[in-house]
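Structural features, examined
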Amino acid sequence: MKFLDVLRLALRNLREARLRAGLTTLGVIVGVSMIVTMMSFGLGLQRNAVQRFRDLDLFNEITVSGRDLIGLVSSAMGDNGGGERREGRGRRGNRPDANDPSRKVPERMLTEAALKEIAGLPGVASVEPNIDLTTYVRANKRALLRQVGGALVPNGATRFKTYLAGRMISSPQADEAVVDESFLRSFGFAKAEDAVGQTLELLAPAGAAGAERSGEGAEKGANTKDEASAKDVTRAQDEASAKDEASAKDDAGAEDGAGVASEAGRGVGDEEGLSFFGLPLEEESAGEDPVAGALAARTFRIVGVLKTEVEGSPQGGRQFRGMMPVSSIYIPLPAARVWSDRYRNSISEVAFRLARESGVLKDDETEGYGMAVVRVTDPDVLPDVQRRLNELGFNSFSIVDQLKELRTVFLILNSALGLLGGISLLVASFGIANTMIMSILERTREIGIMKAIGAEDREIKLIFFVEAGLIGLMGGVFGALAAWAIDAVANRLAYRFILQPRGVSYVDFFALPPYLWLGAILFAVAVAILAALYPAARAARIDPVKALRHD
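The rules we used
- Residues numbered from 1 in each chain as written.
- Predicted model: local features only at pLDDT ≥ 70, side-chain atom pairs only at ≥ 80, totals over all residues.
- Heavy atoms only, no water.
- Pairing = 2+ DSSP bridges.
- Helix = DSSP H or I, 4+ residues; strand = E, 2+ residues; numbered from the N terminus.
- Patch = residues over 30% accessible without salt bridge, like charges linked within 9 Å, V, L, I, M, F, W, Y side chains within 5 Å.
- Areas by Shrake-Rupley, 256 points an atom, 1.4 Å probe, with all protein chains shown as cover.
- Salt bridge = Lys/Arg side-chain N within 4 Å of Asp/Glu carboxyl O.
- Buried < 20%, exposed > 50% of the residue type's maximum accessible area, 1.4 Å probe, protein only.
- Core = buried A, V, L, I, M, F, W, Y, C linked by side-chain atoms within 4.5 Å.
- Domains from an automatic or database assignment.
- Contact = heavy atoms within 4.5 Å.
- Axes fitted to C-alpha atoms, helices over the stretch in contact; angles between N-to-C directions.
- Parallel < 35°, antiparallel > 145°, perpendicular 65-115°, else oblique.
- Left-handed = near helix turned anticlockwise from the far one by under 90°.
- Phe/Tyr/Trp six-rings, centres within 6.5 Å; stacked < 30°, edge-to-face > 60°.
- Lys NZ or Arg CZ within 6 Å of the ring centre and 35° of its normal.
- Expected span 1.5 Å × (residues − 1).
- Arc of directions from axis to C-beta.

Moving on, we come to the pairing of strand S11 (residues 329-332). Each regular strand carries side chains that alternate between the two faces of the sheet. Pairing between strand S4 (residues 142-151) and S11: four bridges, direction parallel. The residue of S11 that forms the bridge with Gly 150 is Ile 331. Of the pairings in the sheet, the one linking strand S6 (residues 176-179) to S11 comprises two bridges and is antiparallel in character. Opposite Val 179, over in S11, you have Ile 329 as the bridge partner.

Glancing now at a nonpolar patch on the surface. On the surface, a cluster of nonpolar side chains totalling about 490 Å² of accessible area is made up of Leu 19, Leu 23, Leu 26, Val 30 and Met 34. Under the relative-accessibility criterion, Met 34 is labelled partly exposed at 35%.

This part covers the nonpolar core. Of all hydrophobic cores here, the largest spans 46 residues; its most connected members are Ile 118, Phe 183, Leu 200, Ile 329, Ile 331 and Val 374. Each of domain 2 (61-130 + 369-398) and domain 3 (131-343) contributes no fewer than three residues to this core. Residues within four places of Val 374 in sequence aside, it is in contact with Asn 60, Glu 61, Ile 62, Val 64, Ile 118, Val 124, Ser 126, Val 127, Val 385 and Leu 389. By size, the runner-up hydrophobic cluster in this structure holds 39 residues, among which are Leu 14, Ala 433, Ile 447 and Ala 531.

A word on the pairing of strand S12 (residues 371-376). Among the six residues that make up S12, five are buried, leaving the element largely enclosed by the rest of the structure. In this structure, strand S2 (residues 124-129) lies alongside S12, joined through five bridges in antiparallel fashion. Residue pairing for S12: Glu 128 is matched across the bridge by Val 373.

Turning next to the sheet that holds S2. Pairing in this open sheet of four strands is antiparallel, and the strands run S2-S12-S1-S13 from one edge to the other. In the strand order of this sheet, the two ends are held by S2 and strand S13 (395-397), each with one partner. The average undirected angle you get between the axes of adjacent strands in this sheet is 25°. Relative to S13, strand S1 (residues 61-65) runs antiparallel, the two sharing three bridges. Looking across to S13, one finds that Thr 63 is bridged to Phe 397. Along the sheet face, helix H5 (residues 112-119) touches S1, S2 and S12 and points at about 160° away from the line of S2.

Turning next to the pattern of salt bridges. Evaluation of the coordinates by the stated rule reveals 17 salt bridges. A salt bridge links Asp 508 to Arg 47, with the shortest nitrogen-to-oxygen separation between them at 3.6 Å. Here Asp 508, found in the loop between helix H17 (457-499) and helix H18 (514-531), pairs with Arg 47, found in helix H2 (residues 18-55); they are 461 residues apart in sequence, far enough to count as distant. Assessed through its relative accessible area of 36%, Arg 47 is described here as partly exposed. Residues Lys 451 and Asp 457 are paired through a salt bridge, measuring 3.1 Å at the closest nitrogen-oxygen approach. On the basis of relative accessible area, Lys 451 is assigned to the buried category, the value being 16%.

Now for the packing of helix H1 (residues 3-16) against H17. One can describe the packing of H1 onto H17 by two numbers: an axis separation of 9 Å at closest approach and a directional angle of 60°. Overall, the two elements H1 and H17 adopt an arrangement that is oblique. Handedness of the crossing formed by H1 with H17: right-handed. Contacts between H1 and H17 involve Phe 3, Val 6, Leu 7, Leu 9, Ala 10, Leu 11, Asn 13 and Leu 14 from the first element and Leu 462, Ile 463, Val 466, Glu 467, Leu 470 and Ile 471 from the second.

Another point: the packing of aromatic side chains. Under the counting rule described, the total for this entry stands at six aromatic pairs. Seen in terms of ring centroids, Phe 160 and Tyr 330 are 5.0 Å apart; in terms of plane orientation they differ by 80°. Their pairing is edge-to-face. Here the residue Phe 160 occupies a position in the loop between S4 and strand S5 (163-166), and Tyr 330 occupies one in strand S11, the gap between them amounting to 170 residues. Here Phe 160 falls in the buried class, since its relative accessible area comes to 7%. An aromatic cluster is present here, built from Phe 183, Phe 187 and Phe 189 joined pairwise through their rings. Sitting over the ring of Tyr 369, Arg 337 keeps its end group 4.5 Å from the ring centre. Across from the ring centre of Phe 497, 5.3 Å away, lies the NZ or CZ of Arg 496, which sits over that ring.

Below, the discussion takes up H1. When the terminal C-alpha atoms of H1 are compared, their 20 Å separation across 14 residues agrees well with the 20 Å that a helix rising 1.5 Å per residue should span. Among the residues of H1, those classed as buried are Val 6, Leu 9, Ala 10, Asn 13 and Leu 14. Taken around the axis of H1, the buried residues stretch over an arc of 135°, which confines them to a single face. Residues of H1 that are exposed and point over 90 degrees away from its buried face: Leu 4, Arg 8 and Glu 16. Turning to H1, the residues buried within the fold contact H2, helix H16 (444-452) and H17.

Backbone torsion omega between Val 153 and Pro 154 reads -5°, so that peptide bond is classified as cis. Relative to the helices and strands, Pro 154 resides in the loop between S4 and S5. The phi angle at Asn 140 is positive, at roughly 50°, despite the residue not being glycine. Phi angles above zero are rare outside glycine, and Lys 141 is one such case at about 65°. Here Lys 141 lies in the loop between strand S3 (132-139) and S4.

Shown next, in the form of structure tokens:
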């Protein structure tokens, strides 16, 4: 018997028992729709979570850290002097032991040369060193302590994509800045448009600013000065030698610019004045206002206000984007580097000088950066780039390190949801088996005639398998369509009654990839055929003689 003949016979048998076949198919439809709906919900959660991470640049960025200056100096001083251990302190002292095998210490520093080497790796789109400044900022007649960050220009990070007003910084050399929403409240701007076009100033002690105006470079140890500054230096040194106490206080600042000592010698006098890291904030000079020139400032024009806060969150919760630390103000990276080099804090200054004195930092070497963010061209190449960074002697971290745990969680969730849906299909399989058995009882005489005229057992089995397969196929197709409809309605209802009233944009909670509904249809067919195993075997064992006598 040809397969087409078997197919026609199976379709005829199903048509003759429409109600029973229809009810059985309905059970399969319910089972398949349950499986597809519940698994599509789990896949939707996984897709939304992964997409959220992707939108936040967590799959596109790697944090890279090198040997920092303070750790380098501490290691060198400990190796040379060993005073910390001689004084009876613990082996670790106040820092983790660099020789501790449980803690991997970076082998290299993140210098400019290292950043260029990293930028040349395959798959690397950009390298952005982290420069954070905690300094006083003056804007809109207010002066507040704020976090200022250096930003790579142009910048591909998503944190610089959405603006309430304005735009991104135009070029690395521009004296421009972008601010976030918290800046508006802190400095009294009613709306974002009011801040765009205004200026902000970074404040520092006047002596160091004088060195900047006289042409002193950002590099430590630069001593190029104009003629007027040289006169101030000579006068400051003469006064400092007459005042040992003031000279001792201002000695650290004199290294960055002798103008600091000059202003300090005139401003401090016999009493301690207001100071910033040992640098006086008050000065007096003949023929000038005592307050005028007390602070140095560098001015930036605000060109954009970033949208950084989550809608509906209490007290303006910030959106977390990317691996770079969040700042309230962003200025071009070169300007941030110059400012951080010139106005370093006392601890960094001491570490820098010790590094020079101990020889761990050569005269032609820079101190480097503590951390940098490496942006890759595609998330697929991120593991390879991270491996190369570790081979180069740096420490690295990315969200991919935790991705295995995340995948395990979603695997367990999807398995549980699929199991719940599979129970419905299991119940439907009992209906298929019952339908096939009833079909045998009704067609016993017909089966006997077929076997009497030469039909083989396998052909009898094939008829029942085809009938069960057709029920599974129709139930799978209509079940997948029903699941698609359920997903669409559920998404609309969730948006209409849950998301929209809270001001949240539309979210598709379900994911229905082709492999899911195709797999569900094939699974339904397989379950139907398995359910027909016993009825088919029972039909094949029917004795033709007894079957012909059956009424």
